[in-house]
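Architecture and fold: a report
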Amino acid sequence: MATTADWLIYAIGGGHGHARRGWLLQRLLARSGQTALLLIRPGSDRYLPEGKLPRIYAESLADPDLAPLTGRPSAGIVVDTFPRGWREELNEDLLGRYETRLWLARHSNNHGAADATPYHRVLSPYPAECCEWDGQLPMARHCGYVVDAGHLDFKPDRRHFVLVDSEHRCNSRLLELLRAAARKAGLEFHSHRHLHTPIRAAKLLVVGAGYHSFYECLGQDTDVRFLPIRKRHDDQFRRAKRYDRSLNSLDDLMPWLAAPPVAQAIPARLDGNAVLTTLNVYR
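With that out of the way, let us pick up the environment of Leu178. Here Leu178 shows up in helix H4 (residues 172-184). For Leu178, a relative accessible area of 2% puts it in the buried group. In this structure, the C-alpha to C-alpha distance between Leu178 and Leu253, residues 75 residues apart in sequence, is 8.4 Å. Once residues within four sequence positions are removed from consideration, Leu178 is found in contact with Phe161, Leu163, Phe189, Leu205 and Leu253.

Written out as structure tokens, the structure reads:
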């Protein structure tokens, strides 16, 4: 197990977005001539491209199999979302082994400014004017959305109403209601499992409003709405409400489907210079 990298990127979490954010940072560092190990949960990279940059799989940094990694740690660590670790394992001893500690602070229901104490720098993955923290992390440097929608293939059209339900949360009754609403609005109904399927849609409905799916979709020229899911750490309802993109009930469905498509793409770009400036401040 390599332990000579400049950085360890801790991207362990419950969804695929953690792995994608970590992968984006790893690529950014590689392009600047720095080496980074990406630490993720097994299977969380199934939607990432294959590549030569090193990945390590574990459920916790305290996993005994990672003893060689933590015994001779990299110079710096970047921790995504969970400042104390997904399993709460990032205690004073573990974090203290790294000369430079940075928290990539995606908004979370259960964290705040007090969690920044062990870290030298806090990086907020939002533009300053659209930060989900709403001033609760005054020490953070903003770097824009840490997303890359290059894997998406969206094209607007006038005929299709498309549902994306990656976890099969919609039951057969709801699917039939959506199909009937599409017919009434003069649209063809289609259902997909993944956002990275080629999508042609006048109207797009996404089940879930996680950080990556939400901001990647908002960066496309597609009339999109979301069905937020209640999560322990991530307030998807709050996120979708900020942009008025939440479909709150079936009563809201027909007016939206019947209205002409309105695509209002927002810039969803990562500010690589802000990331590298923050990471390199101690180099």
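Within the open sheet, the four strands sit side by side as E9-E8-E10-E11. Their pairing is parallel. This sheet does not close on itself; its edge strands, each paired only once, are strand E9 (188-192) and strand E11 (224-227). When the angles between neighbouring strand axes are averaged without regard to direction, this sheet yields 35 degrees. Across four bridges, the pairing between strand E10 (residues 199-207) and E11 is parallel. Considered in E11, the bridge of Val207 is made with Leu227.

This part is about unusual backbone geometry. Although it is not a glycine, Thr81 sits at a positive phi angle of roughly 70 degrees. Of note, Thr81 is situated in the loop between strand E4 (76-80) and helix H3 (92-96). Taking relative accessible area as the criterion, Thr81 reaches 0% and is therefore assigned buried. Of note, His168 is a non-glycine position whose phi angle comes to about 50 degrees, a positive value.

Rules used in this analysis
- Residues numbered from 1 in each chain as written.
- Predicted model: local features only at pLDDT ≥ 70, side-chain atom pairs only at ≥ 80, totals over all residues.
- Heavy atoms only, no water.
- Helix = DSSP H or I, 4+ residues; strand = E, 2+ residues; numbered from the N terminus.
- Buried < 20%, exposed > 50% of the residue type's maximum accessible area, 1.4 Å probe, protein only.
- Contact = heavy atoms within 4.5 Å.
- Pairing = 2+ DSSP bridges.
- Axes fitted to C-alpha atoms, helices over the stretch in contact; angles between N-to-C directions.

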